[in-house]
Amino acid sequence: METARMPRLAGAITALVTPFYNGDLDRSALRALVEWQILGGVDGLVVGSTTGEGPTLSPQERAEVINLSNRSAAGRVPVIAATGTNSTESTIALTREAEALGAAAALVTVPYYPKPGQKGIVHHFEQVAAASGLPVIVDHAPAQTASDLSTETLGRLASIPGIFGIRDASGDIARFVGLSAILRQRFRFFSGHDPSALAFTIAGGDGMISSGANVVPRLFTSMQQAARAGNLSAAHSLQDRLLPLISALGPEGDPARIKCALRLVRGLKAELRLPLVAAEPDLCLAIGAALAPFLDESSAGSTLSL
């Protein structure tokens, strides 16, 4: 199948949470969240990821989240659909559906739980890329999947035309820096690890797919813009201000913590789906304390707002 033209993705991309209300998808809250993110200057949105509780969504809800987000974005930013599962067949089906719904790209996890090995990983992505014209971003999160991509495997993935980028949630900057120039030029590389995302961009990465950007999109966007413009002093200053919040939210995009923060910032219902449960009160207190300076700025009308 012919591969679609690759999107021009870079900067701060939000791994969007999925709002729920009384067990159902909160459609109005999702539309409002997409609008707020775009007004905050983000460069793209990922929907249906683990941060978006994608594994708990029904097939109909997955389709609706992509459709609603795409219609709300109205072409202003690309909407990337997380379509990866631990089954090649179901991943192909979800990726084809995302393509039909107008997604700009697919974020596809390295298959989790069965630990298919490097050969199985390559064959998985060969099949997914061949089955759809949607550009694929490989989601490399070894802490969650128990499978690590070797440098040799990255080289084999580079030969697959439909593979567009890599989201690296390992936080291992040295490994990224050590990749060959050919690999670094072949893929778009995005950090999936908020604490090290600035260092990743300065080292040559193209940006970040961030859970924390749900909460303060303007600041994450400003940090990435400063780094990409070479204004490292401003970028580090923004990072210093964000680090207490990033630490409180955790590096892995825990939806419970993100929704606790969004309840404070936006009044969003902090509802989750099992097996996820609400963040512990002490965690929410820590998140509130980390958010306090930004909430003070916002209420004072600061131009560097949320």
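What this report covers is the structure whose coordinates are included nearby. Note that the structure is predicted; figures quoted are calculated from it, not measured.

Description of helix H4 (residues 117–131)
The terminal C-alpha atoms of H4, which comprises 15 residues, lie 21 Å apart, in line with the 21 Å expected from a rise of 1.5 Å per residue. Where H4 is buried, its residues meet helix H3 (88–100), strand E6 (105–109), strand E7 (136–140), helix H6 (151–157) and strand E8 (163–168).

A short note on the state of the cysteines
Tallying each qualifying case throughout the model produces one disulfide. Note that Cys260 is cross-linked by a disulfide to Cys284, the S-S spacing being 2.4 Å. Here Cys260, found in helix H12 (residues 255–266), pairs with Cys284, found in helix H13 (residues 281–299); they are 24 residues apart in sequence, far enough to count as distant. For the pair Cys260 and Cys284, a shared accessibility class is recorded, and that class is buried.

Notes on the side chain of Gln224
By the element assignment, Gln224 lies in helix H10 (residues 217–228). Relative accessible area serves as the criterion here: at 0%, Gln224 is assigned to the buried category. Those residues in contact with Gln224 that sit more than four places away from it in its chain are Gly11, Ala12, Ala197, Thr201, Gly207 and Met208.

Overview of the packing of helix H1 (residues 27–39) against helix H2 (residues 59–73)
Angle between the axes and distance between the axes are the two parameters that describe a pair of packed helices. Relative to each other, H1 and H2 sit at 45°, their axes nearing to 9 Å. Compared by their axis directions, H1 and H2 come out oblique. Where H1 crosses over H2, the two elements pack in a sense that is right-handed. Where H1 approaches H2, its residues Arg27, Leu30, Arg31, Val34, Glu35 and Ile38 are matched on the opposing element by Glu64, Val65, Leu68, Ser69, Ser72 and Ala73.

Considerations on H2
In this model H2 runs 21 Å from its N-terminal to its C-terminal C-alpha over 15 residues, within 8% of the 21 Å that 1.5 Å per residue would give. On its buried face, H2 is in contact with strand E3 (24–25), H1, strand E4 (44–47), strand E5 (79–82) and H3. At the exit of H2 stands Ala74, carrying a positive phi of roughly 50°.

Examining the nonpolar core
Core analysis: the biggest nonpolar cluster contains 81 residues, and Phe125 and Val215 have the highest contact counts within it. Ranked by residues supplied to this core, first place goes to helix H11 (residues 232–249) with seven residues. Grouped together as the second largest cluster of nonpolar side chains are 12 residues, Ala15, Ile80, Ala82 and Ile137 included.

Considering the pattern of salt bridges
Per the stated rule, a full pass over the model turns up nine salt bridges. One salt bridge connects Arg27 with Asp24, and the closest N-O pair in it is separated by 3.2 Å. A relative accessible area of 29% means that Arg27 is categorised as partly exposed. A salt bridge links Asp206 to Arg188, with the shortest nitrogen-to-oxygen separation between them at 3.9 Å. Of this pair, Asp206 sits in the loop between helix H9 (197–202) and strand E10 (207–210) while Arg188 sits in strand E9 (residues 188–191), placing them 18 residues apart in sequence. For Arg188, a relative accessible area of 26% puts it in the partly exposed group.

Each value, and the rule that gives it
Residues numbered from 1 in each chain as written. Predicted model: local features only at pLDDT ≥ 70, side-chain atom pairs only at ≥ 80, totals over all residues. Heavy atoms only, no water. Helix = DSSP H or I, 4+ residues; strand = E, 2+ residues; numbered from the N terminus. Expected span 1.5 Å × (residues − 1). Contact = heavy atoms within 4.5 Å. Disulfide = S-S within 2.5 Å. Buried < 20%, exposed > 50% of the residue type's maximum accessible area, 1.4 Å probe, protein only. Axes fitted to C-alpha atoms, helices over the stretch in contact; angles between N-to-C directions. Parallel < 35°, antiparallel > 145°, perpendicular 65-115°, else oblique. Left-handed = near helix turned anticlockwise from the far one by under 90°. Core = buried A, V, L, I, M, F, W, Y, C linked by side-chain atoms within 4.5 Å. Salt bridge = Lys/Arg side-chain N within 4 Å of Asp/Glu carboxyl O.

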